[in-house]
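# Fold and geometry: a report
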Amino acid sequence: MHVLLGVSSGIAIYKAVDLVSKFRKEGYETNVIMTKNAKNLIAPAVFSAVGNCNVYTDTFDVDSGWITHTELSRKASVFVVAPATANIIGKIANGIADDLLSTIAIAVPDKTPKVIVPTMNTRMYENNIVQENLEKLRKIGWYVVEPEVGHLACGEIGKGRYPENEKILEVVKFLTSKKKLKDKKVLITAGPTVESIDPVRFISNHSSGKMGYAIATVAKRLGGNVTLISGPTSLKKPYLVDEFIEVVSAEEMFNETIMRFEKTDIVIMVAAVADYKPKEVRKHKIKKQGDMVLELVRTKDILKEIGRRKSHQLIVGFAAETENIVENARKKLEEKKVDMIIANNATKVMGSDNSHAFIITRNQVVEVEGSKEEVAEKIFEFIY
């Protein structure tokens, strides 16, 4: 994939250097276009060295018939402008092409995905003219990555801060992925659940939520309308999911899942839901004394319940096993009446950034491994 990155003279330009680095790590071929004023803040050689790429600044740098703005714009798989000042936003929105970056913006084909990342002082960002120009760009197909609220270079606090580069990278992946899940509603559960014993103690498990979050991220890239129901984790909310619901207990996860199940097309139950909870939750902290017997009762079986209610939905369950992985997962497939089980060795994958799993249906067992996102992609390849 070829990324064409336009860099204007926002003070956040130093963050664009890291963005180029991330593109390189993803294996993307990258070219950078800098405005004249951008060169006053960072030398083109910095972008070239970090991105192992060519940097262009002059509209009239034509060599042997190779015309910069037409050749680069034709080649791009995606066009990104980050950071984008009010000036370059106004130029692009109103068809002004008086330097290399604005000329390329006009020359990039309509079908090429385009991303713009406005960053500036809050009062500038909220100015009616800037907002009108951003709306013009949205209407003609540009994806506007909204700035964040925070401390700005001018010392003020407000909206206008450059967003995380991981978000921009995710937008690029979303815009350049095939939409296999278009018009599909996808419901995913992730993470552990927590069952209280008293106000300070609880029962839980070692699930990190990474696999469920990766599946939600990939499902959104593939065009699904994604709802993620998550137990407590230390992870950031996936950037582009449509609905993100935080729960604590198995009961809460059951209620949120059942509430949405009927209108869902694909349900992927990745969460490590507690099988048991204390029969009694104490109102006050239990004081330390001798040995204590904690009486537990079963929680509601979410996967079994949606298997019972299944009509048109495709249901995928997860099985975290420590022995006889495939055999135990097959039993779960039959007992829960679901379409597919993803089974893995809980002692090896919980908390890890990688996964080694078996995709199990009634007729097939396929072994997959790789990063959480790579395994998520393979799961969806298997589904569609």
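Look above for the structure.
In what follows, the accompanying structure is described.

Rules of the game
- Residues numbered from 1 in each chain as written.
- Predicted model: local features only at pLDDT ≥ 70, side-chain atom pairs only at ≥ 80, totals over all residues.
- Heavy atoms only, no water.
- Helix = DSSP H or I, 4+ residues; strand = E, 2+ residues; numbered from the N terminus.
- Buried < 20%, exposed > 50% of the residue type's maximum accessible area, 1.4 Å probe, protein only.
- Contact = heavy atoms within 4.5 Å.
- Areas by Shrake-Rupley, 256 points an atom, 1.4 Å probe, with all protein chains shown as cover.
- Lys, Arg positive; Asp, Glu negative; His and termini not counted.
- Charge placed at Lys NZ, Arg CZ, Asp CG, Glu CD.
- Core = buried A, V, L, I, M, F, W, Y, C linked by side-chain atoms within 4.5 Å.
- Salt bridge = Lys/Arg side-chain N within 4 Å of Asp/Glu carboxyl O.
- Pairing = 2+ DSSP bridges.
- Axes fitted to C-alpha atoms, helices over the stretch in contact; angles between N-to-C directions.
- Parallel < 35°, antiparallel > 145°, perpendicular 65-115°, else oblique.
- Nonpolar A, V, L, I, M, F, W, Y, C, P; charged D, E, K, R; others polar.

Secondary structure summary: the protein chain contains 14 helices and 20 strands in total. Referenced to the eigenvectors of the C-alpha coordinate spread, the extents of the protein chain come out at roughly 80 × 50 × 35 Å. Expressed as a percentage of the 384 residues in the protein chain, the buried residues total 50%. Excluding contacts between residues fewer than 6 apart, the proportion of contacts in the protein chain whose partners are at least 24 apart in sequence is 67%. For the protein chain, the exposed surface amounts to about 19,300 Å²; the carbon and sulfur share of it is 48%. Positive and negative charge centroids in the protein chain, built from 55 and 49 side chains respectively, lie 2 Å apart.

Along the chain, Ala 82 connects to Pro 83 via a cis peptide bond; the corresponding omega equals -5°. Along the chain, Pro 83 falls in strand β4 (residues 78-84). Backbone geometry at Asp 183 places phi at a positive 70°, although glycine is not the residue there. One can find Asp 183 in the loop between α8 (165-176) and β9 (185-190). Positive phi, normally seen in glycine, also occurs at Lys 337, with a value near 60°. Relative to the elements of secondary structure, Lys 337 occurs in the loop between α12 (325-336) and β18 (340-345). In this structure Lys 337 comes out as exposed when scored by relative accessible area, which is 54%.

Our focus in this paragraph is the nonpolar core. Grouped together as the largest cluster of nonpolar side chains are 30 residues, with contacts concentrated most on Leu 5, Val 7, Val 32, Phe 47 and Val 80. At the level of elements, β1 (2-7), α1 (13-25), β2 (29-34), β4, β5 (114-118) and α8 are the ones that each hand at least two residues to this core. Broken down by element, this core gets its largest block of residues, six residues, from α1. For Phe 47, the residues in contact, after removing those within four places along its chain, are Val 7, Ile 13, Ala 16, Val 17, Val 20, Val 32, Met 34, Ile 42, Asn 52, Cys 53 and Val 55. Counting 29 residues, the second largest nonpolar core, distinct from the first, contains Ile 188, Ala 357, Val 375 and Ile 383.

It is worth spelling out the pattern of salt bridges at this point. Here the structure, examined in full by the defined rule, presents 28 salt bridges. In this structure, Arg 74 engages Glu 71 in a salt bridge whose closest nitrogen and oxygen atoms are separated by 2.8 Å. With Arg 74 and Glu 71 both in helix α3 (residues 68-75) and three residues apart, the pair spans about one turn of that helix. Judged by its relative accessible area of 57%, Arg 74 is exposed. For Glu 71, a relative accessible area of 24% gives the class partly exposed. Between Arg 138 and Glu 135 there is a salt bridge, with the nearest N and O atoms lying 3.3 Å from each other.

Let us now look at the pairing of β4. For β4, the tally of buried residues reaches seven of seven residues, placing the bulk of the element in the interior. Two strands pair when backbone bridges link them, and β1 and β4 are joined in this way by four bridges, in the parallel orientation. In the sheet register, Leu 5 faces β4, and the bridge partner there is Val 80. Relative to β5, β4 runs parallel, the two sharing four bridges.

What follows covers the environment of Val 3. Residue position: Val 3 is located in strand β1. The exposure class of Val 3 is buried, given its relative accessible area of 0%. Residues Val 3 and Val 78, 75 residues apart in the sequence, show an inter-C-alpha distance of 5.3 Å. Beyond its immediate chain neighbours, meaning those up to four positions away, Val 3 contacts Phe 23, Tyr 28, Glu 29, Thr 30, Asn 31, Val 78 and Val 80.

Residues spaced three or four apart along an α-helix face the same direction, because each turn holds 3.6 residues. Looking at helix α11 (residues 302-309), one finds that the buried residues are Ile 302, Leu 303, Glu 305, Ile 306 and Gly 307. On its buried side, α11 packs onto α10 (250-261), β14 (266-269), β17 (314-321), α12 and β18.

Summarising the element assignment, Val 115 is placed in strand β5. According to the relative accessible area criterion, Val 115 is buried, its value standing at 0%. Excluding residues that lie within four positions of it along the chain, Val 115 makes contacts with Val 78, Phe 79, Val 80, Val 81, Trp 142, Tyr 143, Val 145, Val 171 and Leu 175.

So, on to the packing of α8 against helix α9 (residues 210-221). Contact geometry of α8 with α9 gives a least axis separation of 8 Å together with a crossing angle of 50°. Comparing their axes, α9 and α8 come out oblique. Residues Glu 170, Lys 173 and Phe 174 of α8 pack against Thr 217, Lys 220 and Arg 221 of α9. Split into classes, the residues belonging to the contact of α8 with α9 amount to one nonpolar, one polar and four charged.

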